[in-house]
Amino acid sequence: MDSLEYEALGLKVGLELHFQLATRYKLFCRCPATLSEGEAKLRFERRLRPTQSELGEVDPAALFEFRKGLTIVYEADDRSTCLVELDEEPPHSINEEAVDIALTIALLLNARPVDEIHVMRKVVIDGSNTTGFQRTCVLALGGWIDLEGKRIGIQSICLEEDAARIVERRGDRVYYKLDRLGIPLVEVSTSPDIHSPSEAGSAALAIGKIVLSTGKVKSELGSIRQDVNISIRDGALVEVKGIQHLSLIPKVVENEVRRQVRLLELRDELRRRGLSKSSVDPTLYDVTDIFRQTRCKVVSRALESGGVVYALKLSGFRGLLSWLLNEGLRFGTELADYAVFWGRLGGIFHTDELPAYGISSSEVEALREAVGATDQDAIVIAAGSRDNVEDGLKAVAERVLIAFDGVPEETRRAEPTGVTRYMRPRPGAARMYPETDIPILVVDPRRIDHLRSNLPELPSIRVRKYVKEYGLSRKLAEELVASIYENLFEEVCRSFPSLPASVVASTLTETTTMLRRRGVPVDRVSTDRLYELFRFLAEGRMFKEAIPDILAHMAGKGVGVAEALEELGLKPLTDEELVEIVSEEVSRSGELIAKHRLNAVKIILGSIMKRYRGRVDASRLAKMIEDEVGRSIR
Amino acid sequence: MNRNPNLQGYKGRVRELLLSAGVEVGDEVRVVRDGEVYEGVLAPRIEYGGEDFIVVKLRSGYNIGVRVSDGKVQVEKLPARREVRYKSPVIPEAKATLPSVAILGTGGTIASRVDYRTGAVTPIFSADDLYGFTPELAGIARIDVETVFNIFSEDMTPKHWSIIAYKIGEYVSKGIDGIIVTHGTDTMGYTAAALSFALRNLPVPVILVGAQRSPDRPSSDAALNLIGAVTAAAYAPFAEVVVAMHKGLSDDEVAFHRGTRVRKCHTSRRDAFKSINSDQVAVYRDYKIEMLTEDYRRRGEDGFRVEAEFEERVALIKFYPGFDPKIIEWYIDDGYRGLVIEGTGLGHVSSRCIPALKRAVDSGVFVGMTSQCLWGRINMSVYRTGRELQAVGVVPLEDMLPETALVKLMWVLARVDDVGEARRLMLTNIAGEIFRRTSFRWYA
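Every value quoted in this text rests on a predicted model; they were computed, and no experiment measured them.

In this section: the overall build of chain B. Scanning chain B for helices and strands turns up 10 helices and 23 strands. Seen along its three principal axes, the alpha-carbon backbone of chain B occupies a region of about 80 × 60 × 35 Å. Of all intrachain contacts in chain B linking residues separated by at least 6 positions in sequence, the fraction that spans at least 24 positions is 70%. Of the accessible surface of chain B, which amounts to about 18300 Å², a share of 50% is contributed by carbon and sulfur atoms.

A tally of regular secondary structure across chain A gives 21 helices and 23 strands. When its C-alpha atoms are laid out on the principal axes, chain A stretches across 100 × 70 × 55 Å. Out of the 634 residues belonging to chain A, those deemed buried represent 55%. When contacts within chain A are restricted to residue pairs at least 6 apart in sequence, long-range pairs at least 24 apart make up 73% of them. A total of about 27600 Å² of accessible surface is found on chain A, and carbon and sulfur atoms cover 49% of it. In chain A, 89 positive and 98 negative side-chain charges are present, and the distance between their average locations comes to 2 Å.

With 52 residues of chain B at the contact, the number on the chain A side is 53 residues. Roughly 4100 Å² of surface becomes buried between chain B and chain A when both sides are summed, with 53% attributable to carbon and sulfur atoms. There are 12 salt bridges connecting chain B and chain A. Two residues, Asp87(A) and Arg270(B), come together in a salt bridge whose shortest N-O distance is 2.8 Å. Put simply, chain B and chain A have 24 residue pairs in polar contact (both at pLDDT 80 or more) between them. Those elements that place two or more of their residues in the side of chain B that touches chain A are strand E2 (36–42), strand E3 (53–58), strand E4 (63–67) and helix H5 (222–235) of chain B. Residue contributions to the side of chain B that touches chain A peak at five residues, all from E4(B). Of the residues in the side of chain B that touches chain A, the class split is 23 nonpolar, 12 polar and 17 charged. Two strands pair when backbone bridges link them, and strand E5 (residues 116–117) of chain A and E4(B) are joined in this way by two bridges, in the antiparallel orientation.

Residue and element names in this part refer to chain B. Inspection of the secondary structure puts Glu 301 in the loop between strand E18 (288–291) and strand E19 (305–306). Take Glu 301: its relative accessible area is 38%, and that puts it in the partly exposed class. A C-alpha to C-alpha distance of 17 Å links Glu 301 and Gly 432, two positions 131 residues apart in sequence. At 3.5 Å, the side chain of Glu 301 forms a polar contact with the side chain of Arg 297.

Our next topic: the environment of Met410(B). All names here are of chain B. For Met 410, the location among the structural elements is in helix H9 (residues 402–415). As a C-alpha pair, Met 410 and Gly 338 span 72 residues in sequence and 7.9 Å in three-dimensional space. Every residue in contact with Met 410, bar those within four places of it in the chain, is listed here: Pro 158, Trp 161, Glu 309, Phe 310, Glu 311 and Val 314.

All right, on to empty space enclosed by the protein then. Residues and elements named next belong to chain A. Counting across every chain of the model gives seven cavities of 30 Å³ or more. The calculated volume of the largest cavity comes to roughly 90 Å³. For the largest cavity, the full set of lining residues is Phe 28, Cys 29, Val 84, Glu 85, Thr 130, Thr 131, Arg 135, Glu 161, Leu 181 and Gly 182. The class makeup of the residues in the lining of the largest cavity is four nonpolar, three polar and three charged.

Interfaces are frequently sized by the accessible area removed from exposure as the parts join. All names here are of chain B. Here chain B is partitioned into domain 1 (12–77), domain 2 (100–306) and domain 3 (314–426). Once you take the C-alpha centre of each, domain 2 and domain 3 turn out to be 31 Å apart. Between domain 2 and domain 3, the residue contacts involve 14 residues of the former and 12 residues of the latter. With both sides pooled, the region where domain 2 packs onto domain 3 buries about 1400 Å², and carbon together with sulfur makes up 67% of that total. On inspection of domain 2 and its partner domain 3, the count reaches two salt bridges. In this structure, Arg 261 and Asp 399 form a salt bridge, with 3.1 Å as the shortest nitrogen-oxygen distance. Joining domain 2 to domain 3, the criterion identifies six residue pairs in polar contact (both at pLDDT 80 or more). The biggest single contributor to the side of domain 2 that touches domain 3 is helix H4 (residues 188–198), with five residues.

So, on to the packing of aromatic side chains. Residue and element names in this part refer to chain A. Within the structure shown, the criterion is met by 23 aromatic pairs over all chains. On the basis of an interplanar angle of 75° and a centroid distance of 6.3 Å, the ring pair of Phe 133 and Tyr 433 is categorised as edge-to-face. Separated by 300 residues along the polypeptide, Phe 133 in strand E7 (residues 133–147) and Tyr 433 in strand E22 (residues 432–434) bring together distant segments of the chain. Side by side, Phe 133 and Tyr 433 carry an identical accessibility label, which is buried.

Residue and element names in this part refer to chain A. Summed over all chains, the structure comprises 100 salt bridges over all chains. Arg 262 is the salt-bridge partner of Glu 265, the closest N and O atoms lying 2.8 Å from each other. Of the two residues, Glu 265 and Arg 262 both sit in helix H5 (residues 249–272), three residues apart, roughly one turn of that helix. Under the relative-accessibility criterion, Glu 265 is labelled partly exposed at 35%. By relative accessible area, Arg 262 is classed as partly exposed at 23%.

What follows is about the domain arrangement of chain A. Residues and elements named next belong to chain A. The domain boundaries assigned to chain A delineate domain 1 (3–269), domain 2 (276–403), domain 3 (459–568) and domain 4 (575–633). Listed by partner, the interface residues are 16 residues for domain 1 and 15 residues for domain 2. In total, domain 1 and domain 2 occlude about 1500 Å² of area from one another, counting both sides; carbon and sulfur atoms represent 59% of this. Scanning the region where domain 1 abuts domain 2 turns up one salt bridge.

Read across the sheet, seven strands follow the order E23(A)-E5(A)-E4(B)-E3(B)-E2(B)-E1(B)-E5(B) without closing on themselves; strand pairing throughout is antiparallel. A strand with exactly one partner marks an edge of an open sheet, and here the two such strands are strand E23 (441–442) of chain A together with strand E5 (73–77) of chain B.

With that out of the way, let us pick up the environment of Ile176(B). Locating Ile176(B) in the fold gives a position in the loop between helix H3 (158–173) and strand E10 (178–182). Once you skip the residues sitting within four places of it in the chain, Ile176(B) turns out to touch Ser100(B), Val101(B), Ala102(B), Tyr171(B) and Val204(B).

The next point concerns the sheet that holds strand E19 (residues 378–384) of chain A. Residue and element names in this part refer to chain A. Across the sheet, which stays open at both edges, the four strands sit in the order E14-E15-E19-E18 with antiparallel pairing between neighbours. Edge positions in the sheet fall to strand E14 (284–286) and strand E18 (349–350), since each of these pairs with one other strand and no more. By the bridge criterion, two bridges tie E18 to E19 in an arrangement that is antiparallel. Paired with Phe 349 across the two strands is Ile 381, which belongs to E19. In the packing of helix H9 (residues 386–403) onto the sheet, the strands contacted are E14, strand E15 (308–314) and E19, and the crossing angle to E15 comes to about 10°.

Let us look at the nonpolar core. Formed by 124 residues in total, the largest nonpolar core has its most connected members in Leu15(A), Leu159(A), Val188(A), Ile249(A), Phe317(A) and Ile54(B). With sequence-adjacent residues up to four places away left out, Leu15(A) is seen in contact with Val188(A), Ser189(A), Thr190(A), Ile194(A), Ala200(A), Ala203(A), Ala204(A), Asp227(A), Val228(A) and Ile249(A).

Take the state of the cysteines next. All names here are of chain A. This model, assessed by the stated rule, comprises zero disulfides over all chains. This cysteine, Cys 137, is not joined by any disulfide, and Cys 158 carries the nearest cysteine sulfur, 7.3 Å off. Under the relative-accessibility criterion, Cys 137 is labelled buried at 1%. Residue class for Cys 158 comes out buried when judged on its relative accessible area of 1%.

This next bit is on helix H17 (residues 561–568) of chain A. Residue and element names in this part refer to chain A. When H17 is considered as a whole, its buried residues turn out to be Val 561, Ala 564 and Leu 565. Looking down the long axis of H17, one finds its buried residues gathered within 100° of arc, a one-sided arrangement. Contacts from the buried residues of H17 go to helix H15 (527–538) and helix H16 (547–557). Looking one or two residues beyond H17, the residue adopting positive phi is Gly 569, at roughly 65°.

As a volume, the second largest pocket reaches approximately 880 Å³. Along the walls of the second largest pocket sit 33 residues, with Asp437(A), Thr109(B), Ser112(B), Phe152(B) and Ser214(B) positioned nearest its centre. Contributions of two or more residues to the lining of the second largest pocket are made by E22 of chain A together with strand E7 (112–114) and strand E8 (121–123) of chain B. By residue class, the composition of the lining of the second largest pocket is 10 nonpolar, 12 polar and 11 charged.

Basis of the calculations
- Each residue is numbered by its place in its chain's sequence as written, counting from 1.
- Written order decides the labels, with chains lettered from A and ligands numbered from 1.
- Predicted model: local features are reported for residues with pLDDT of at least 70 only, side-chain atom pairs are reported and counted for 80 or more only, and whole-chain, interface and lining totals are derived from all residues.
- Values reported for side chains reflect all heavy atoms of the structure, with hydrogen atoms and water molecules removed beforehand.
- Put simply, DSSP H or I for four residues or longer makes a helix, DSSP E for two residues or longer makes a strand, and each gets a number counted from the N terminus.
- Any pair of residues with heavy atoms lying within 4.5 Å of one another is described as a contacting pair.
- Calculation of accessible area relied on Shrake-Rupley with a 1.4 Å probe; when residues are assessed, cover is drawn exclusively from the protein chains displayed.
- Working definition: with a 1.4 Å probe on protein chains only, accessible area under 20% of the residue-type maximum means buried, over 50% means exposed, and in between means partly exposed.
- The sign given to each residue is positive for Lys and Arg and negative for Asp and Glu; His and the chain ends receive no count.
- Taken as the charge centre is NZ of Lys, CZ of Arg, CG of Asp or CD of Glu, depending on the residue.
- Computed with a 1.4 Å rolling probe, the buried area is the accessible surface lost when two parts are put together, summed over both parts.
- Counted as salt bridges are all cases of a side-chain nitrogen of Lys or Arg within 4 Å of a carboxyl oxygen of Asp or Glu.
- Counted as a polar contact is a pair of N or O atoms within 3.5 Å, where, for protein atoms, one must be capable of donating a hydrogen and the other of accepting one, and residues adjacent in sequence contribute only when both atoms are in side chains.
- For this classification, the nonpolar set comprises Ala, Val, Leu, Ile, Met, Phe, Trp, Tyr, Cys and Pro, the charged set comprises Asp, Glu, Lys and Arg, and every other residue, Gly included, is treated as polar.
- We call two strands paired when DSSP finds no fewer than two bridges between them.
- Buriedness for pockets is judged along seven lines, at least five of which must meet protein on both sides within 12 Å for an open set on the 1 Å grid over protein atoms alone, while cavities are sets there where a 1.4 Å probe fits but cannot get out, and lining residues have an atom within 4 Å of a point.
- Grid points are joined across faces, edges and corners, and a volume is the space filled by probe spheres set on the points.
- Residue ranges assigned to each domain were obtained from an automatic or database domain assignment.
- Aromatic pairs are defined between Phe, Tyr and Trp rings, using the six-membered ring for Trp, whenever the two ring centres lie within 6.5 Å; interplanar angles under 30 degrees are classed as stacked, those over 60 as edge-to-face, and all others as tilted.
- Note on geometry: axes are C-alpha line fits, over the in-contact stretch for helices, and angles between N-to-C directions span 0 to 180 degrees.
- Here, the term nonpolar core denotes a set of buried Ala, Val, Leu, Ile, Met, Phe, Trp, Tyr and Cys residues that are joined through side-chain atoms within 4.5 Å.
- Count a disulfide wherever a pair of cysteine sulfur atoms falls within 2.5 Å.
- Picture the helix axis, draw a direction to every C-beta atom, and the arc is the one those directions span.

Written out as structure tokens, the structure is:
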């Protein structure tokens, strides 16, 4: 699809980008704003109750969770967590360092700071906040960025606390770690001015670079969860949460548009088949007996623990459950996701894919007979406890009804592939009320003036500086600017002028990116330790070839450079060791030298480097071999 | 036009501006300043904010303050978007066969509710409000709710204790199965002690309950505390005055502390209340009450009466290094009838205080000694100062909490004039406030 087609579809995209701030402390207490590697020392359990909204309504998903008896288990350690995160002490006043960074971001985005900051409570009762709400405040409104000549509006810049980290969900218990709770996050929300997937990507990137230019934002560009609101004409506003990387945004938008288009086509297909909402019969049939002897493991396990199998007949739906929405996402998958969420089921089976999974064709036949289905109908079955199966299939029937209207408003989760999956219904009107425990903060105009006269250089200017002053390639300079290591880069270059700037820059960009892709938690290595790495490099205590291995080891084991060198056996060879190795290798290569004369140097070098890579400087070694070979020829 | 518009918290120039625009809190407004437009609901101004700001709840739900520093600000009323009022949820009907429980409201965090539209915190107390956040209660007991008053617990006085006690007396005479008093937590321990002495031969449980997190928060401890309290009021075998609050950090157990032994020991935790020099009476878990001691008063005994007078000319004085004995003199000269000293360690004050204390005793003031250690028993025979204090007539009050000793002395001196009789009563266990033995389990 090109951009014109997206425009014709009426695509509107708004971004909600989040950036974790690299402040010393958390937003509302004096805990360090870093994740903890330590073991959890404390565990406690909580229940969160839905409270009424201003309209006397409760969030249906929240109420549902509560009725199902969700117990939240929190794990805390003493270093990263205090009574504030435990919801056992009122929040302290807001972290002024975070306010300054967020206001700086606001000014860079041409937004207008508010006169008074009021911290609000935004109700979230999935357990990710011990309080049952997220503390958040708007710091500025009405900004814009220039995107290749087009203005993209910035609606608001908010400062909020990050949520607890979910560890796992087991049955009716959900486990969270509290270390991340309270780390300051800046949320930048754009207006729905974006009209194509690629525009969404470039807008996100542009905002990201501007935000990063403060030098006070944690982790690699956009390695935090991003949310995108997407709608097309006749479709619905869908909020996609948890996009892991900015680069995934265009893909997510593209997939979501396709999904909505395909759902609209499904609606038309239903009409073409002459089906209507009244043709959906929500009756659930107890078909447990059919599966008493089944070879389907999922079903037999459910029956062993006293469960049931129920069926829902979808008249005229044959083939439609396989209706493809996105790659790997069929209409049946959507139904299954509803059943999983509302019924806590493992999934569903439907006749468009049966017989399979151990369910035999005779069982399918018996099923059709039991519910009186013709070969034009589809049947959905689910196995599990009676309550769960009823809830799950009821949700399936409700989702089927929505298909007649087109696209439901939903909150969806982005998979790493860029396909979105149903997460929960969209929460009602954002329930926010004042956080009365935190005093109102008046924004002094002098504070804004001060921040405005100390704004960081914008990314484009810094790229030029790195090319000109440090001799970096343009690409490397851009990557550096997009990284979190700019300040470190300048500091290292200042301290160790003997190190080539390009080595420092590529270590901090290409090498870290490559390691991150391999799943190495390289962001855990502190800047102090990285600085130490460059000091070792400058002092000849290690060689640049060893950097990736050493960094990976430091990240994985949480150790310093010296330990990593020791543990990996990558300490540089001493001169004596080198002389010995070279003379031994040269004397062993008599034939080679006889044949290739001085050209043998390269081969010998390769063979030694293979064994001692990272422990020896290649150019120096080459020189030694050359001398030794020269001597032997003579 | 409304002649008395709600402009909660707005003062001076800003109030004038809002008045002339004909808007009040809750109205849809448009505020224009230097061409910048803010639209939303006019929110109340909290008391401690500066005067020069209008608070607007934006459509996004966020509040912001707009500075009104010069005449260039315009405020305009917009048509209401939709009428919104707090709706009480459907009230579940309790079965007639369930035990009857009365909930008496006195105020505090547990009885506050936020108006989500404007953010104003308002006191509540109706059965509907309670069921609103704790519908489970309807399955436990038939509940009557009565608001006795609505004050912060730091504003509570002995007169309030009397009112509560007589109100409880009315319900007990009507044959109620259990009584709950909702109370601010700061002085709940004092009220619990006062009721313990005032309600003689109690036939049913009287349970004080509070919250450390307000009920408008999803994480409020109010719901579990109330469920525990109502369960105990309806079904527990004990007939004593207790405080019901979270046992630990988790939302699973509620501890019941004897009214004369309980103290708020933490400023903010939900398990702030501890039993001191005593076991907890019982614990609630999963709709069940488990007794933790055999030593408790059973339900249904006869002879109930209310004796709820308190002598207010009684003081609690904390000793500290450098303490000026003139402080004691002041109390004597002002006509105080009793002093409870919170001394150091086993029960000491500086020997400099001895003349003043002697004068107090000689002028008919009862002087009792408790310890600022809280845990443990007074023993004024070990050190010389203690013996000298006893010699001038200071009474060691055993293992009584300082606050309990204060309340008890108020109660005792309202009943007797004779200091010797007061001394005898102060050393007699009346409501579980004095034990003769100290268990090794009773510490922190």
